[in-house]
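Here is what each chain is made of, one letter per residue.
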Amino acid sequence: MQNFLCVGFATVDTINGRRFPGGAAGGMSINSKKLGINSSLLAPLSSDELGLWYRKILEDRNVSLSLCEFDSPSIPTCLITDVHAAGSTRVWKDNGAVQYLETMKVPDSKVLEQFDAILFCTAIPPLSTSVSLQTPKRNLFVIPGTYCLSHPESINPSILEKTEIIFGNEEEASPIFASKPFQYGVQLIVITAGKDGGIVYSASGKETPFLAATSEAIDTTGAGDCFALGFISSWTKSHSIGKSIEAGTTLASQVIQVEGVLL
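Quick notes on the rules
- Residues numbered from 1 in each chain as written.
- Predicted model: local features only at pLDDT ≥ 70, side-chain atom pairs only at ≥ 80, totals over all residues.
- Heavy atoms only, no water.
- Salt bridge = Lys/Arg side-chain N within 4 Å of Asp/Glu carboxyl O.
- Helix = DSSP H or I, 4+ residues; strand = E, 2+ residues; numbered from the N terminus.
- Buried < 20%, exposed > 50% of the residue type's maximum accessible area, 1.4 Å probe, protein only.
- Pairing = 2+ DSSP bridges.
- Axes fitted to C-alpha atoms, helices over the stretch in contact; angles between N-to-C directions.
- Contact = heavy atoms within 4.5 Å.
- Phe/Tyr/Trp six-rings, centres within 6.5 Å; stacked < 30°, edge-to-face > 60°.
- Lys NZ or Arg CZ within 6 Å of the ring centre and 35° of its normal.

Asker: Looking at this structure, I do not really get the pattern of salt bridges. What am I missing?
Answerer: On inspection of all chains with the given rule, the structure shows five salt bridges. Between Arg-55 and Glu-59 there is a salt bridge, with its nearest N and O atoms 3.1 Å apart. Placement of both Arg-55 and Glu-59 in helix α2 (residues 49–60) is noted, with a separation of four residues, approximately one turn of the helix. When its relative accessible area of 27% is taken as the criterion, Arg-55 is described as partly exposed.

Okay, structure coming up:
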């Protein structure tokens, strides 16, 4: 069984007035379990009402929380509107989690080496950089998210030197390529383009275009993250770009047929 660690945030999403478990790291840790992957979460959690609500969901899905801490004032919230729009409209509040994240304990190298893949799911410094310095092998898969638009320095050499694949959308492509990932040994850069599919760029110079998910969209929230998760789960077993694209597209097609980020 594969072992994945998802690093980032667990966020409470509100869509059409209803509460859903969200956040790239929280959602991907739960969806990993749906794929039969042994998943762990490294995120700032809390003991208030929001934190306890999310923690129960994680525990019910058997996501390992052994690396989490629960002393954050609260966990982030995200109000999502216009779910059919390109990128939708989001109002994200950290509720004290970002400041707490800066003091979180980082697992040591013996703990991190057990994971087949460590997914940085919009995981911001200093936690992401600290994890990069501790992991003893190149097993990082980085989804920087929109954070890299305002903080391009968050994609730094310490991270890239341990990264196998980096994912982003068309808007995030500029800071991703500007960080010169291939110079640090990154194998692939995967750029998605919504309904236009995307392109996989290889260190060898090869470009592999792919088509978008064809399912009718109820809610596009989490489509990019699910594509990345499917791609990574296949890549760590097959190292085939074609198979990984197929796996990513399958998961993206599934998640856009439901509300929220969970498969």
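Asker: Just checking my understanding: could you explain the pairing of strand β11 (residues 163–169) for this structure?
Answerer: Along any regular strand the residues' side chains alternate between the sheet's two faces. Burial runs high along β11: six of the seven residues are buried. With three bridges joining them, strand β10 (residues 140–143) and β11 adopt parallel strand pairing. Across the sheet, Phe-141 pairs through a bridge with Ile-165, a residue of β11. For β11 and strand β12 (residues 188–192), the ladder comprises five bridges, and the chain directions are parallel. Note on β12: the bridge partner recorded for Ile-165 is Leu-188.

Asker: Would you explain the sheet that holds strand β2 (residues 11–15) in this entry?
Answerer: Sheet strands associate in pairs through backbone hydrogen bonding, adopting either a parallel or an antiparallel arrangement. The strand order across the open sheet built from four strands is β3-β2-β7-β8, with neighbouring strands paired in mixed fashion. The sheet is open, and its two edges are formed by β3 (18–22) and β8 (89–93), each paired on a single side. Ignoring strand direction, the axes of neighbouring strands in this sheet form an average angle of 25°. Sheet analysis places β2 next to strand β7 (residues 77–81), joined by four bridges and oriented parallel.

Asker: Teacher, can you tell me more about the sheet that holds strand β13 (residues 198–202) here?
Answerer: The mixed open sheet is built from eight strands, whose spatial order is β4-β1-β9-β10-β11-β12-β13-β14. The open sheet has two free edges, formed respectively by β4 (38–42) and β14 (207–210), since each of these has just one partner strand. Across the sheet, the mean angle from the axis of one strand to that of its neighbour is 15°, orientation sign disregarded. Two strands pair when backbone bridges link them, and strand β1 (residues 3–8) and β4 are joined in this way by five bridges, in the parallel orientation. From the neighbouring strand, Leu-5 faces β4, where its bridge partner is Ser-40. Packing against the sheet, helix α9 (residues 223–238) makes contact with β1, β9 (117–121), β10, β11, β12, β13 and β14, and its axis sits at approximately 155° to β11.

Asker: What is the right way to read the packing of aromatic side chains from this model?
Answerer: By convention here, two paired aromatic rings are described through the distance between centres and the angle between planes. In this structure the tally under the stated criterion is seven aromatic pairs. Measuring from ring centre to ring centre gives 5.4 Å for Phe-9 and Trp-92, while their planes differ by 65°; the resulting arrangement is edge-to-face. Within this pair, whereas Phe-9 is found in the loop between β1 and β2, its partner Trp-92 is found in strand β8, the two being separated by 83 residues in sequence. Since its relative accessible area comes to 40%, Trp-92 is described here as partly exposed. Here Phe-227 and Phe-231 contribute two aromatic rings whose centre-to-centre distance is 6.0 Å and whose plane-to-plane angle is 45°, an arrangement assigned as tilted. One end of the pair is Phe-227 and the other is Phe-231, both in helix α9 and four residues apart, which spans about a single turn. Here Phe-227 and Phe-231 have matching classes, each one buried. Every member of this aromatic cluster is reached through a ring pair, and the members are Phe-167, Phe-210, Phe-227, Phe-231 and Trp-235. Between the NZ or CZ atom of Arg-19 and the centre of the ring of Trp-53, over which it lies, the distance is 5.0 Å.

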